[in-house]
Amino acid sequence: MKRVIFSVNDQQSYFSCLVDGKIEFYYLTKSQAKKYFAYLDKGHIVSFELYNKRKIIDNRYAWQVAYFSLIEKPSYRKNQILYDLKDIRKQMHKVLDGFDYLLFLDLEMTMPPYFKGPFEAEVIQAGFILRDRSGQIIEQDSIFIKPTKYPKISPRTVKFLQITDSYYEKALDYVHFYTRLRGIIDMYNPKIVVWGKNDMIALKASYKINGVDPITFDDMFINLLQIHKNYYNLSDDLGLFKAYELYYNKAYDQSHDALDDAMVTKYVFDALILQMKEVM
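Residues numbered from 1 in each chain as written. Predicted model: local features only at pLDDT ≥ 70, side-chain atom pairs only at ≥ 80, totals over all residues. Heavy atoms only, no water.

Our next topic: the overall build of the protein chain. The secondary structure content of the protein chain amounts to nine helices and eleven strands. Relative to its length of 280 residues, the protein chain is extended, with a C-alpha radius of gyration of 23 Å against a globular reference of 19 Å. Considering only C-alpha atoms, the protein chain reaches an extent of 75 × 45 × 40 Å along its principal axes. A total of 280 residues make up the protein chain; the buried ones form 44% of that total. In the protein chain, the proportion of contacts linking residues at least 24 apart, taken out of those at least 6 apart, comes to 62%. As displayed, the protein chain offers around 16,200 Å² of accessible surface, 50% of which is attributable to carbon and sulfur atoms. Positive and negative side-chain charges in the protein chain, numbering 38 and 35 respectively, have mean positions lying 8 Å apart. (Helix = DSSP H or I, 4+ residues; strand = E, 2+ residues; numbered from the N terminus. Rg over C-alpha atoms; globule rule 2.2 N^0.38 Å. Buried < 20%, exposed > 50% of the residue type's maximum accessible area, 1.4 Å probe, protein only. Contact = heavy atoms within 4.5 Å. Areas by Shrake-Rupley, 256 points an atom, 1.4 Å probe, with all protein chains shown as cover. Lys, Arg positive; Asp, Glu negative; His and termini not counted. Charge placed at Lys NZ, Arg CZ, Asp CG, Glu CD.)

A full pass over the atoms with the stated rule returns 22 aromatic pairs. Seen from their ring centres, Phe48 and Phe68 are 5.6 Å apart, and the 55° between their planes marks the pair as tilted. Within this pair, whereas Phe48 is found in strand β4 (residues 45-57), its partner Phe68 is found in strand β5 (residues 60-73), the two being separated by 20 residues in sequence. Exposure class is identical for Phe48 and Phe68. Each is buried. Among the aromatic side chains, those forming a connected cluster through ring pairs are Phe15, Tyr26, Tyr36, Tyr39, Phe48, Phe68 and Tyr83. When the ring centre of Tyr231 is taken as origin, the NZ or CZ atom of Arg89, which lies over that ring, is 4.6 Å away. (Phe/Tyr/Trp six-rings, centres within 6.5 Å; stacked < 30°, edge-to-face > 60°. Lys NZ or Arg CZ within 6 Å of the ring centre and 35° of its normal.)

Attention shifts here to the environment of Leu238. Of note, Leu238 is situated in the loop between α7 (224-232) and α8 (240-248). Residues Leu238 and Leu225 lie 13 residues apart in sequence; the distance between their C-alpha atoms is 6.8 Å. Residues contacting Leu238, with those up to four places away along its chain left out, are Trp195, Leu225, His228, Ala243 and Leu246.

As a further point, take the side chain of Thr157. Tracing the backbone shows Thr157 in helix α3 (residues 155-161). Among the residues examined, Thr157 registers a relative accessible area of 0% and is labelled buried. Residues contacting Thr157, with those up to four places away along its chain left out, are Met109, Thr110, Met111, Ile124, Gln162 and Ile163.

Applying the stated criterion across every chain yields a total of two cavities of 30 Å³ or more. Glu122, Val123, Ile145, Lys146, Pro147, Thr148, Tyr174, Ser206 and Asn210 are the residues that line the largest cavity. Residues that form the lining of the largest cavity fall into these classes: four nonpolar, three polar and two charged. When its volume is computed, the second largest cavity comes out at roughly 30 Å³. Contributing to the lining of the second largest cavity are Leu96, Asp97, Phe99, Leu102, Arg131, Arg133 and Phe269. Its residues assigned to classes, the lining of the second largest cavity shows four nonpolar, no polar and three charged. (1 Å grid on protein atoms, 1.4 Å probe; cavity = no way out; pocket = protein on both sides within 12 Å on 5 of 7 lines; lining within 4 Å. Points joined across faces, edges and corners; volume = space filled by probe spheres on them. Nonpolar A, V, L, I, M, F, W, Y, C, P; charged D, E, K, R; others polar.)

On their own, these measurements won't tell you what the molecule is for.
Laid out in structure tokens, this is it:
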């Protein structure tokens, strides 16, 4: 439903609209205010969804906005579109579906011991799947990596990741993983798809811990979690395996294995692209 903004309060991040002869108030969270408030002004035409949640602001009830789908500025001949969710989603699909190579990457890291003390997480397993534009998997692998700074893996990590003797038999020095990743980047220049920021942060930290030059930078990554939050207008983080369950209508048994998690990341990415195509 389209509504015309009656008033705007940018100090407390709320606005009002005239609905059926009476004024109703709506508020935005801090993150929403940063995203939308520059587009809001008296007389602008808005279309938005609400959460079933309200609070008192300036002695009046205000409903919480879930997201805007359209914001227009009235004009004599044709309204000026300030924000169009449908168009934004089309652009997101165009970008995500346009890369020649994608590298789905997942990392498992060490966890601190149960007692307090200095600690820095280190990558001990990397799982990756490289695919081309057609969806063909070019290569995939799982590499177990010996920690450098804290060689002894904490019992907490062993228990959580269910590390067995096979890890110690297969684990290689960090340089093997670094060289392999650099080779893939140099040859294919892929966009690296991860779920959330943790893997990006751990990878960046690993360069410092091991005294090597960085081979990945922020603009090389696609944060698939953030893409989902933007596309579906989610206010809270979504778990990778919850996303899989929502798309495929079945649960996935998480094993805390980096290659397995990288594959699930690919499954979720593919499902998102399919969803994007279906609504276009």
